[in-house]
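Geometric and topological summary
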Amino acid sequence: LSIARLAFAIRRLGCDIVYTNSITVGAGAIASKLLGKPHILHIREFGDDDFGLEYDWGRERTRKLIGTLSAACIANSHAVADEFRPEIGDIDVVYNSVSIPEQVADADDAPWRVPGALRCILLGKVTPGTGQQEAISAFARLAESNVPAELLIMGPALGAHGSLISEMINHHGLNDRVYLRGSTPHPIPYIKSADVLLMCSRREAFGRVTVEAMKLGKPVIGSRSGGTPEIIDSGRTGLLYRPGDSQELAGKIQYLYEHPSERQHMGETARLQATRYNSDELGDNVLKILHRVMRERSQAAAYSKVQTISHSVTGEDNRAA
């Protein structure tokens, strides 16, 4: 959609505010500037670092341009806000809303095979940054220690990395405890079937899957990076480990296997804490920002009008003199 066509659509719809949901797309910011409308930027990703997204006009230029043209900027975690604050300035943090069905069906084709084993699941695109290699290395260590644990890896494989993951599972002889599946439009039943969710991504902007697991009463073992530490209260709703440290990850998994009562307590605490990620909370916080932007716009317009009148009166006085 061209900027001109977008501006035409905004004018035709009579919009008061233009709202963009990505740092990589600058058309909305420019269209709003052309129309004299306030622009809101809501950043929900790190951009090229997590999703591999391309910026409209290059990384640095797009970031600075959208930040300059926006009346307010929102990030979905403090980690994301910290990433963009040097270029953009003030950023409000509003966590995403996450919902799951009231009734979650069982996953009839879940691959679990080992009776009594700790069932772990890792969801996301099969890419180097998502941490599947890290998880497999941890499970190789667990196998050496005879810790009964299983891992279900679910997500689309991009490029040659999917083949690399399969080869890694074969190399470590983990076919009887690590299962590689493709993507599914309905992952919630599989999370329900597991005991623990692994969040191994090093650049997770927020972590919708993390919250989904928590709402299902599952503790999460997550990488201490990105927005994950903002969601997981380590020792209460899950555990955190150093990113890239498969040995520490293996130790956290073994700990939860050996302490089932603590694992259950963490899951129950996680379920309660995850209630704050709801649509009412999100809506109220965003609405406050929208009202603030419109109020500041009205005040600026009123001030501009007073200045115009003042200059007009001053000019007339000078002419009279």
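Residues numbered from 1 in each chain as written. Predicted model: local features only at pLDDT ≥ 70, side-chain atom pairs only at ≥ 80, totals over all residues. Heavy atoms only, no water.

Remarks on the overall build of the chain
Counting its secondary structure elements, the chain contains twelve helices and ten strands. The globule rule puts the C-alpha radius of gyration for 321 residues at 20 Å, and the 25 Å found for the chain is more than 25% above it. In terms of its C-alpha atoms, the chain occupies a principal-axis envelope of roughly 95 × 40 × 35 Å. In the chain, which comprises 321 residues, the proportion classed as buried is 45%. When the accessible surface of the chain is split by element, carbon and sulfur atoms take 50% of a total near 16,100 Å². Distance between charge centroids for the chain: 5 Å, based on 36 positive and 38 negative side chains. (Helix = DSSP H or I, 4+ residues; strand = E, 2+ residues; numbered from the N terminus. Rg over C-alpha atoms; globule rule 2.2 N^0.38 Å. Buried < 20%, exposed > 50% of the residue type's maximum accessible area, 1.4 Å probe, protein only. Areas by Shrake-Rupley, 256 points an atom, 1.4 Å probe, with all protein chains shown as cover. Lys, Arg positive; Asp, Glu negative; His and termini not counted. Charge placed at Lys NZ, Arg CZ, Asp CG, Glu CD.)

So, the layout of surface pockets
Taken as a whole, the second largest pocket encloses approximately 170 Å³ of empty space. Lining the second largest pocket are Ala29, Ser32, Lys33, Gly36, Lys37, Pro38, His39, Thr68, Leu69, Ser70, Ala71 and Arg297. Going through the elements one at a time, α2 (27-35) and α3 (59-69) are the ones with two or more residues in the lining of the second largest pocket. In terms of residue count, α2 provides more of the lining of the second largest pocket than any other element does, three residues in total. Its residues assigned to classes, the lining of the second largest pocket shows four nonpolar, five polar and three charged. (1 Å grid on protein atoms, 1.4 Å probe; cavity = no way out; pocket = protein on both sides within 12 Å on 5 of 7 lines; lining within 4 Å. Points joined across faces, edges and corners; volume = space filled by probe spheres on them. Nonpolar A, V, L, I, M, F, W, Y, C, P; charged D, E, K, R; others polar.)

Some words on the sheet that holds strand β1 (residues 18-20)
Spatially, four strands are ordered β1-β2-β3-β4 in an open sheet, and the strand pairing comes out parallel. Of all strands in the sheet, those bounded by a partner on one side alone are β1 and β4 (92-93). Relative to β4, strand β3 (residues 72-75) runs parallel, the two being bridged by two bridges. Bridging from a neighbouring strand, Ala75 pairs with Val93 of β4. (Pairing = 2+ DSSP bridges.)

A few points about unusual backbone geometry
Despite not being glycine, Asn146 shows a phi value in the positive range, around 60 degrees. Within the element layout of this structure, Asn146 appears in the loop between α5 (132-144) and β6 (149-154).

A few points about the state of the cysteines
Cysteine pairs can be linked by a disulfide, which is a covalent bond between their two sulfur atoms. The full count for this structure, using the stated rule, is zero disulfides. Between Cys15, a free cysteine, and Cys73, which holds the nearest cysteine sulfur, the sulfur-to-sulfur gap is 19 Å. (Disulfide = S-S within 2.5 Å.)

Quick look at the nonpolar core
Counting residues in each nonpolar core, the largest one holds 30 residues, and the members touching the most others are Phe139, Leu151, Leu198, Ile221 and Ile253. When residues of this core are traced back to their parent elements, those giving at least two are β5 (118-123), α5, β6, α6 (161-171), β8 (196-199), β10 (238-241) and α10 (246-258). For Leu198, the residues in contact, after removing those within four places along its chain, are Cys120, Ile121, Leu122, Ala135, Phe139, Leu151, Ile221, Leu249 and Ile253. With 28 residues, the next largest nonpolar core counts Val98, Tyr190, Phe206 and Leu240 among its residues. (Core = buried A, V, L, I, M, F, W, Y, C linked by side-chain atoms within 4.5 Å. Contact = heavy atoms within 4.5 Å.)

Observations concerning the packing of aromatic side chains
Here the structure, examined in full by the defined rule, presents four aromatic pairs. Taking 5.6 Å as the distance between ring centres and 75 degrees as the angle between the ring planes, the aromatic pair formed by Phe206 and Tyr277 counts as edge-to-face. Of this pair, Phe206 sits in the loop between β8 and α8 (208-215) while Tyr277 sits in the loop between α11 (260-273) and α12 (279-320); the two residues are 71 residues apart in sequence, bridging distant segments of the chain. What makes Phe206 buried here is its relative accessible area of 3%. (Phe/Tyr/Trp six-rings, centres within 6.5 Å; stacked < 30°, edge-to-face > 60°.)

Description of the packing of helix α1 (residues 3-13) against α2
Two elements in contact, α1 and α2, have axes whose closest approach is 9 Å; the angle formed by their N-to-C orientations is 60 degrees. When the axes of α1 and α2 are compared, the pair comes out oblique. Between α1 and α2 lies a crossing whose hand is right-handed. Facing Ile3, Leu6, Ala7, Ile10 and Arg11 of α1, the residues of α2 in contact are Ala27, Gly28, Ile30, Ala31, Leu34 and Leu35. (Axes fitted to C-alpha atoms, helices over the stretch in contact; angles between N-to-C directions. Parallel < 35°, antiparallel > 145°, perpendicular 65-115°, else oblique. Left-handed = near helix turned anticlockwise from the far one by under 90°.)

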